[in-house]
Amino acid sequence: MSQDTGYREIDGSVMEGGGQIIRITGCLSALLQVPVNIVRIRAGRASPGLKAQHLTGLHLIKDICRGSLQGADFGSNQIHFRPGKINGGDFFADTQSAGAVCLLAQIALPVALFAPQPSVLNLRGGTNADMAPQIDAFTEVFLQNLKHFGPNVEYEVVKKGFFPKGGGEINLFVNPIRSLQPIQLDNPGKLISVEGWCFCAGSLPIKVAESITRAFKEELRQADSPALRGLRVNIETYKEAPNAAFGNGSGIVVVAKTSTGCLLGGSALGSPKESTEETGRKAAHDLLEAIECGGCVDKYVQDQMVL
């Protein structure tokens, strides 16, 4: 492996020692054209080293910037990445697992935004998976917040995919920009609407989604948050068509909009390990936290917007 002193060494064990360090480092390396050597990768995790989603993301940005990547093997705890010139075009990435497509987007989208030509990112894996934004939250909260900076990224959810097999697919249509617009978000305003989507897929019956929705609304009612008084909570509850999802899954994503244009999200993913009622309550707590903290974005979008 190259020992070129031109590489900037990044310690992958700092802070939580997880995959976010890989995504941020890889993205900034490509944008700033700085070669990096990431060491002690995911040292803070029970199973350290590169997993399928991290490998796929690194290879994706390597393709976008025509760079070189050394040491990128499953389980590896060190890689060398030297970026090249960023290019537009059609790019494909498949985790071949339930690895989250939204995390692939986190590493690749900022790079594609600064390509000289438009790009299409075809991303495959888990669209609604643990430890990652659900695709509905990514498209309805993050991408909408991103518009404050200028980019308007169009998207297509071809098929949803869940743990353990993935099988989901999305397309991101990226028009490049020259620079990001400066923004000032310091006035959260007052809530004017709360809308969301609750789904189930595969062999799960519609009553699963209906139960999640009922529990969500009941938890909000019992919380009696002053910010929500007088507002109608609209949740579209449905079962995905057979050709729109791969495998069994359920979840809920809710978006609160304010008078100053802020968008705050709350969500929860269904699991066979917990009741539908618990899923609904978790989503309600998530949304209430975002609303009552008084911020202009929720905690999940915050770090993505800074990057």
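Just so we're clear, the structure is a prediction, and the values are computed from it rather than from any experiment. (Residues numbered from 1 in each chain as written. Predicted model: local features only at pLDDT ≥ 70, side-chain atom pairs only at ≥ 80, totals over all residues. Heavy atoms only, no water.)

This next bit is on the pattern of salt bridges. According to the stated counting rule, one finds nine salt bridges in the structure shown. The partner of Glu-240 in a salt bridge is Lys-160, and the shortest N-O contact between them spans 3.0 Å. Here Glu-240, found in the loop between strand 10 (233-239) and strand 11 (245-246), pairs with Lys-160, found in strand 7 (residues 154-161); they are 80 residues apart in sequence, far enough to count as distant. Look at Lys-160 and you get buried, because its relative accessible area is 5%. Two residues, Glu-274 and Lys-282, come together in a salt bridge whose shortest N-O distance is 3.4 Å. (Salt bridge = Lys/Arg side-chain N within 4 Å of Asp/Glu carboxyl O. Helix = DSSP H or I, 4+ residues; strand = E, 2+ residues; numbered from the N terminus. Buried < 20%, exposed > 50% of the residue type's maximum accessible area, 1.4 Å probe, protein only.)

Moving on, we get to a nonpolar patch on the surface. A contiguous nonpolar surface patch, about 250 Å² in accessible area, is contributed by Ile-24, Leu-28 and Leu-32. Residue position: Leu-32 is located in helix 1 (residues 19-32). The exposed category is assigned to Leu-32, whose relative accessible area is 60%. (Patch = residues over 30% accessible without salt bridge, like charges linked within 9 Å, V, L, I, M, F, W, Y side chains within 5 Å. Areas by Shrake-Rupley, 256 points an atom, 1.4 Å probe, with all protein chains shown as cover.)

Right, let's get into the sheet that holds strand 12 (residues 249-258). The sheet built from four strands is open, its strands ordered 10-9-12-13 with mixed pairing. The open sheet has two free edges, formed respectively by strand 10 and strand 13 (263-269), since each of these has just one partner strand. Neighbour to neighbour, the strand axes of the sheet diverge by 15 degrees on average, direction disregarded. Two strands pair when backbone bridges link them, and strand 9 (residues 191-201) and strand 12 are joined in this way by 10 bridges, in the antiparallel orientation. Its bridge partner being in strand 12, Cys-198 is matched across the sheet by Ile-252. Across the face of the sheet, helix 4 (residues 135-146) comes into contact with strand 9, strand 10, strand 12 and strand 13 while running at roughly 165 degrees to strand 13. Strands strand 9, strand 10 and strand 12 of the sheet are contacted by helix 5 (residues 206-223), whose axis makes an angle of about 165 degrees with strand 10. (Pairing = 2+ DSSP bridges. Axes fitted to C-alpha atoms, helices over the stretch in contact; angles between N-to-C directions. Contact = heavy atoms within 4.5 Å.)

In terms of residue burial, helix 4 counts as a mostly covered element, since 10 of its 12 residues are buried. By the burial criterion, the buried members of helix 4 are Ile-135, Asp-136, Ala-137, Phe-138, Thr-139, Val-141, Phe-142, Leu-143, Asn-145 and Leu-146.

By the definition in use, this model includes two aromatic pairs. A centroid spacing of 5.3 Å and a plane angle of 35 degrees characterise the contact between Phe-138 and Phe-142, whose relative ring orientation is tilted. Of the two residues, Phe-138 and Phe-142 are both situated in helix 4; the distance of four residues between them amounts to about one turn of the helix. Under the relative-accessibility criterion, Phe-138 is labelled buried at 2%. What makes Phe-142 buried here is its relative accessible area of 9%. Ring plane angle 20 degrees and centroid distance 6.0 Å describe the contact between Phe-162 and Phe-199, whose orientation is recorded as stacked. With Phe-162 in the loop between strand 7 and strand 8 (168-174) and Phe-199 in strand 9, this residue pair connects regions lying 37 residues apart in the sequence. Phe-199 matches Phe-162 in its accessibility class, with the two residues each being buried. The lysine or arginine in question, Arg-82, covers the ring of Tyr-7, its NZ or CZ lying 4.9 Å from the ring centre. (Phe/Tyr/Trp six-rings, centres within 6.5 Å; stacked < 30°, edge-to-face > 60°. Lys NZ or Arg CZ within 6 Å of the ring centre and 35° of its normal.)

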